[in-house]
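# Working through the structure, step by step
The residues making up each chain are set out below.
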Amino acid sequence: MRERFTIEGFLTVEWRLTTPSLPQPSGWQLCAARDSDEDPDGGRLGTMSAAVSLARPGPVFVIGRALLRPLLKLRFRPVIRGADRIPDSGPVLLASNHLAGLDTVLIPSFSTRKVQFLAKESLFKRGLLGWFFRQIGAIPVHRGAGSVAQAALDAGRAVLADGQVFAVFPEGSRSRDGRLYRGRGGAAWMALATGATVIPVGLIGTNRRLRNPRTGRAPRVEVRFGAPVELADLADLPSGRARREATARIMAAIHALTGQELAEGYAQH
């Protein structure tokens, strides 16, 4: 079987899989199955069933990051700002805008701590690629009907409850036109449920197809880590109101880092 994995504008890896299945990483697991759960955005999630396997990032993550950093620096010359704002310990939720597939490589590569994130379940069925994603602590998720699968939120909450770092894109999908879309309530729900420190992340220039109309060039790639978003004062508010206010604060903090044009609606999957 021939496998291929592409990060647009950076690399394409292709291989022929002839080896037997590789061992699973050690760690802990969570299985979640929900039917018609309530969506943290206030709606209903349609019928879904998802099994989520969680494993802490292992040596492959450390080795991969050590290899990727110089490659990313050589290819994109990224400007990294504010990484020292990530707390050295305790649960941290990195909430970022989302422009391209490159985003899921940049954030873990230049974070000061190991980062876990969600990845499409189909990626874990691709032999060596699936093994790699499990080894770096990625969380496979099958998205059913609705804006955000509850199983994915449960997985993120479990990572944070264990004192780790979890990265999420509150927009829910990539921005195809470069605008910043409305945030969905999942990130706020996880932050309020766990008391995690929320660090906003602003990504610039990761979609190399979006050009500056004045220069005709894609802007230089930047990863900007912002100051923690204050949410402690929302503890006594009704849950729905607290979640909406927290979402608004998180998205405002991201916008302050990126300066993107704001879109009125939600990003489309």
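This text follows the structure it describes.
A tally of regular secondary structure across the chain gives 6 helices and 10 strands. Look at the contacts in the chain between residues 6 or more apart in sequence, and 73% of them connect residues 24 or more apart. As displayed, the chain offers around 13500 Å² of accessible surface, 51% of which is attributable to carbon and sulfur atoms.

On to the pairing of strand 10 (residues 222–225). As paired elements, strand 3 (residues 79–81) and strand 10 share 3 bridges and run parallel to each other. Across the sheet, Val-79 pairs through a bridge with Glu-222, a residue of strand 10. As defined by bridge partners, strand 9 (residues 197–204) adjoins strand 10 across 4 bridges and the pair is classed as antiparallel. Each bridged residue has a counterpart across the sheet, and for Leu-203 the counterpart in strand 10 is Val-223.

Once that is clear, we can look at the pairing of strand 9. Of all 8 residues in strand 9, 7 are buried; the element is thus mostly enclosed. Two strands pair when backbone bridges link them, and strand 4 (residues 92–96) and strand 9 are joined in this way by 5 bridges, in the parallel orientation. Its bridge partner lying in strand 9, Leu-94 is registered against Ile-199.

What counts and how
Residues numbered from 1 in each chain as written. Predicted model: local features only at pLDDT ≥ 70, side-chain atom pairs only at ≥ 80, totals over all residues. Heavy atoms only, no water. Helix = DSSP H or I, 4+ residues; strand = E, 2+ residues; numbered from the N terminus. Contact = heavy atoms within 4.5 Å. Areas by Shrake-Rupley, 256 points an atom, 1.4 Å probe, with all protein chains shown as cover. Pairing = 2+ DSSP bridges. Buried < 20%, exposed > 50% of the residue type's maximum accessible area, 1.4 Å probe, protein only.

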